[in-house]
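Below are the chains, spelled out letter by letter.
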Amino acid sequence: MTTTSPRQTAGIIADACFKVLLAVVYTVGAAQLGHRLGVAVWLMVACAAALLICGGIEIGYVRSRPVRTYTRLMVAYDTGWVLATIAGLLLAWQGSNAAGEVWIGYQAVGSVALAALLVVARPPGSAFGGTASP
């Protein structure tokens, strides 16, 4: 069990819930959002699935992973999201059709990476090289 404040736990859960909500929006609006962003419907749905899985894993491990691990992973994900957003905007301003794919693609790949790293992270108090379990 980690020693986290209720506020930290609420922040982690809020981040996960936002990903789940975004997954729902991307799924429901896959065709319309995909058209507006210049992204194939399958990529919108794949991104939604990745976000949903990531949000579920974030919630599932909230009590068994250190807050420091969560914080580092969320900061890394959000930094990548900002950079992907900037790259997407620059591509869009140049008239490129790849802007939406960069932005949605990052969310899909970044979410899978965050979830995978959270799963393999060592629980607090585990021995060096120990296996991680929820």
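To keep things clear, this report deals only with the structure shown in the data block.

### Looking at the overall build of the chain
Phase 1: Helix and strand counts for the chain come out as 5 helices and 0 strands.
Phase 2: Each helix (α) and strand (β) of the chain, taken in turn from the N terminus, gives the series α-α-α-α-α.
Phase 3: A sequence separation of at least 24 residues applies to 73% of the contacts in the chain between residues at least 6 apart.
Phase 4: Surface summary for the chain: the accessible area is close to 7,700 Å², and the carbon and sulfur share equals 70%.

### Focus: the packing of aromatic side chains
Phase 1: A complete count under the given rule lists 2 aromatic pairs for this structure.
Phase 2: Between the aromatic rings of Y77 and Y106, the centroid separation amounts to 5.5 Å while the plane-to-plane angle is 35 degrees, which identifies the pairing as tilted. Of the two residues, Y77 is situated in helix α4 (residues 67–93) and Y106 in helix α5 (residues 99–120); the sequence distance between them amounts to 29 residues.
Phase 3: Note that K19 overlies the ring of Y77, its terminal NZ or CZ placed 4.8 Å from the centroid.

### Some details on the packing of helix α1 (residues 6–28) against α4
Phase 1: At a minimum axis distance of 11 Å, the contact between α1 and α4 shows a crossing angle of 40 degrees. With respect to their mutual orientation, α1 and α4 come out oblique. As α1 packs across α4, the resulting crossing turns out to be left-handed. Contact residues: Q8, I12, D15 and K19 in α1; V67, Y70, M74 and Y77 in α4.
Phase 2: Residues belonging to the contact of α1 with α4 are distributed by class as follows: 5 nonpolar, 1 polar and 2 charged.

### Notes on the side chain of Q107
Phase 1: Among the secondary structure elements, Q107 is positioned in helix α5.
Phase 2: Other than its neighbours up to four places away in sequence, Q107 contacts L22, Y26, C47, L51, Y77 and W81.

### Re the nonpolar core
Phase 1: Residues Y26, L51, Y70 and I104 are the most contacted members of the largest nonpolar core, which totals 26 residues.
Phase 2: Looking at this core, the elements that each hand over two or more residues are α1, α3 (41–60), α4 and α5.
Phase 3: Of all the elements, α3 adds the most residues to this core, at 8 residues.
Phase 4: Leaving out residues up to four positions away in the same chain, L51 has contacts with K19, L22, A23, Y26, Y77, Q107 and S111.

### Things to note about the environment of I86
Phase 1: You can see I86 is positioned in helix α4.
Phase 2: Spatially, the C-alpha atom of I86 lies 8.9 Å from that of W103, the residues being 17 residues apart in sequence.

### Considering the side chain of S111
Phase 1: Take S111: it is sitting in helix α5.
Phase 2: Its relative accessible area of 0% is what places S111 among the buried residues.
Phase 3: Not counting the four nearest positions on each side in its chain, S111 is found in contact with A50, L51, C54, Y77 and Y106.

Calculation rules
- Residues numbered from 1 in each chain as written.
- Predicted model: local features only at pLDDT ≥ 70, side-chain atom pairs only at ≥ 80, totals over all residues.
- Heavy atoms only, no water.
- Helix = DSSP H or I, 4+ residues; strand = E, 2+ residues; numbered from the N terminus.
- Contact = heavy atoms within 4.5 Å.
- Areas by Shrake-Rupley, 256 points an atom, 1.4 Å probe, with all protein chains shown as cover.
- Phe/Tyr/Trp six-rings, centres within 6.5 Å; stacked < 30°, edge-to-face > 60°.
- Lys NZ or Arg CZ within 6 Å of the ring centre and 35° of its normal.
- Axes fitted to C-alpha atoms, helices over the stretch in contact; angles between N-to-C directions.
- Parallel < 35°, antiparallel > 145°, perpendicular 65-115°, else oblique.
- Left-handed = near helix turned anticlockwise from the far one by under 90°.
- Nonpolar A, V, L, I, M, F, W, Y, C, P; charged D, E, K, R; others polar.
- Core = buried A, V, L, I, M, F, W, Y, C linked by side-chain atoms within 4.5 Å.
- Buried < 20%, exposed > 50% of the residue type's maximum accessible area, 1.4 Å probe, protein only.

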